[in-house]
Amino acid sequence: MMMGNGRVVLLLVFSLLVLVSSSSVLGSQFCTKDAGFQHVSPILCPVAKIRMCWNVTDLPGLGPAEKLLVLRVEAKVTGYMSVGFMDKSLIGKADVITFYVDESGDGQAIDGTMSSYTVGSGTHGELLTDSGDNDVMVIGGEERFFNGGSSDGHVDGKYSAVTIRRKFRTDDAEDYKILPGTETGIIWFTSKTAKPTVDGTTGAVTVPTYGYKYPNGNKGTWKVTFEESQSVLSCEYYCSLQQNVCGDSQEKESQYSSESECLARCSTYIAGGAWTLG
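A brief look at the structure comes next. In this text the structure is predicted, and so the values were computed from the model without any measurement.

Reading guide: rules and limits
- Residues numbered from 1 in each chain as written.
- Predicted model: local features only at pLDDT ≥ 70, side-chain atom pairs only at ≥ 80, totals over all residues.
- Heavy atoms only, no water.
- Helix = DSSP H or I, 4+ residues; strand = E, 2+ residues; numbered from the N terminus.
- Buried < 20%, exposed > 50% of the residue type's maximum accessible area, 1.4 Å probe, protein only.
- Contact = heavy atoms within 4.5 Å.
- Pairing = 2+ DSSP bridges.
- Disulfide = S-S within 2.5 Å.
- Polar contact = N/O pair within 3.5 Å; in protein donor to acceptor, adjacent residues only side chain to side chain.
- Phe/Tyr/Trp six-rings, centres within 6.5 Å; stacked < 30°, edge-to-face > 60°.
- Salt bridge = Lys/Arg side-chain N within 4 Å of Asp/Glu carboxyl O.

Now for the overall build of the chain. A count of helical and extended segments in the chain gives 3 helices and 13 strands. Across the 278 residues of the chain, 47% fall into the buried class. Relative to all contacts within the chain whose residues are 6 or more apart in sequence, the contacts with residues 24 or more apart total 63%.

Listed below in structure tokens is the structure:
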């Protein structure tokens, strides 16, 4: 009887913690300063303007490895954004979540899996809907037109953003197990305009994989340790990233002519103590 009561208490604590973690980031649906996130990535591609921001919370009573990830993904698209978690080698199977805002203006997330991915060539297996439990819960989503940009790094144009929560380690064998203090490989895809489709009869969801292929969208890779993001806020990291973005040999666009130019401009900019989000 006591064990049953203990489990009920843990479940109530977990539910309350999730509500608190979620409500703290619902003031703004984008990666803005007032959104209340602990961590924010650089803009991962100067074309797609994809960026992630997130919070990591301990789950009381469940051990140091049990943590909750509240993740927001935004990009300058009206189609979809896919983010995959995988080994830091960026080779092998990937646990892929596809984010989009549906025609009703609601955020959606599709829990999927990709049998293989190879960094460099960008070759990968088919993206399939996860046949196991859906361990991704949507807690917000929005499309917004930024007229005149914003002080948080947005430029003119329409953006999509979706926020989800997910445990570091789920009970689904298809899901990637995020380990505390360990670097996670990230693959990402964006589609400028193509949204996933839903079969009206079966409810099956199809992600149009042509949607991210150049020039319809972009793709790329990244690596991150979710509890530690300060190391990515340096000119060396930022410039290395900016010279190797978007991950497609067809895409040659870059904000800087060389990494040395980027370092010079970045160093000058942050000399005054400033560092913009992303």
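From this point, the narrative continues.
It is worth spelling out the sheet that holds strand β8 (residues 137-146) at this point. The antiparallel open sheet is built from 5 strands, whose spatial order is β1-β2-β3-β9-β8. On the outer flanks of this sheet lie β1 (39-40) and β8, each paired with one strand and no other. Where β8 and strand β9 (residues 157-167) come together, 9 bridges link them in antiparallel fashion. What sits directly across from glutamate 143, in β9, is serine 160.

Further remarks concern the state of the cysteines. Applying the stated criterion to the full structure yields 1 disulfide. The disulfide partner of cysteine 31 is cysteine 53, and the S-S distance across this bridge is 2.1 Å. Between cysteine 31 and cysteine 53, the disulfide has an S-S torsion of -85° and is therefore left-handed. Placement of cysteine 31 in the loop between α1 (2-23) and β1 and of cysteine 53 in strand β2 (residues 51-58) is noted, with a sequence separation of 22 residues between them. For the pair formed by cysteine 31 and cysteine 53, the shared burial category is buried.

Attention now goes to the environment of valine 205. On the secondary structure map, valine 205 appears in strand β12 (residues 205-206). Note on valine 205: relative accessible area 28%, which makes it partly exposed. Residues valine 205 and leucine 128, spaced 77 residues apart in sequence, show a C-alpha to C-alpha distance of 9.6 Å.

This part is about the side chain of histidine 154. When you line up the elements, histidine 154 lands in the loop between β8 and β9. Looking at histidine 154, its side chain comes within polar contact range of the side chain of arginine 51, at 3.4 Å. Within the structure, the side chain of histidine 154 is placed 2.6 Å from the side chain of serine 150, a separation counted as a polar contact. Those residues in contact with histidine 154 that lie beyond four places of it in its chain are Phe30, Thr32, Arg51, Glu74, Phe146, Gly149 and Tyr159.

Here the focus is the packing of aromatic side chains. Inspection of the entire model under this criterion finds 7 aromatic pairs. For the ring pair tryptophan 54 and tryptophan 222, a centre distance of 6.2 Å and an interplane angle of 70° mean the geometry is edge-to-face. Taken together, the positions of tryptophan 54 in strand β2 and tryptophan 222 in strand β13 (residues 217-224) put the pair 168 residues apart, joining distant regions of the chain. Given a relative accessible area of 0%, tryptophan 54 falls into the buried group. On the basis of an interplanar angle of 80° and a centroid distance of 5.2 Å, the ring pair of phenylalanine 146 and tyrosine 159 is categorised as edge-to-face.

This brings us to the pattern of salt bridges. With the rule as written, the count across this model stands at 9 salt bridges. When the shortest N-O distance is used, the salt bridge between glutamate 74 and arginine 51 registers 2.9 Å. Here glutamate 74, found in strand β3 (residues 67-75), pairs with arginine 51, found in strand β2; they are 23 residues apart in sequence, far enough to count as distant. In this structure, glutamate 74 and arginine 51 share a single accessibility class: buried. Here arginine 144 and glutamate 142 are joined by a salt bridge, their closest N and O atoms 3.3 Å apart. Taking the relative accessible area as the measure of exposure, glutamate 142 reaches 23% and is therefore partly exposed. Overlapping salt bridges, with partners in common, bring together Glu143, Lys158 and Lys195 in one network.

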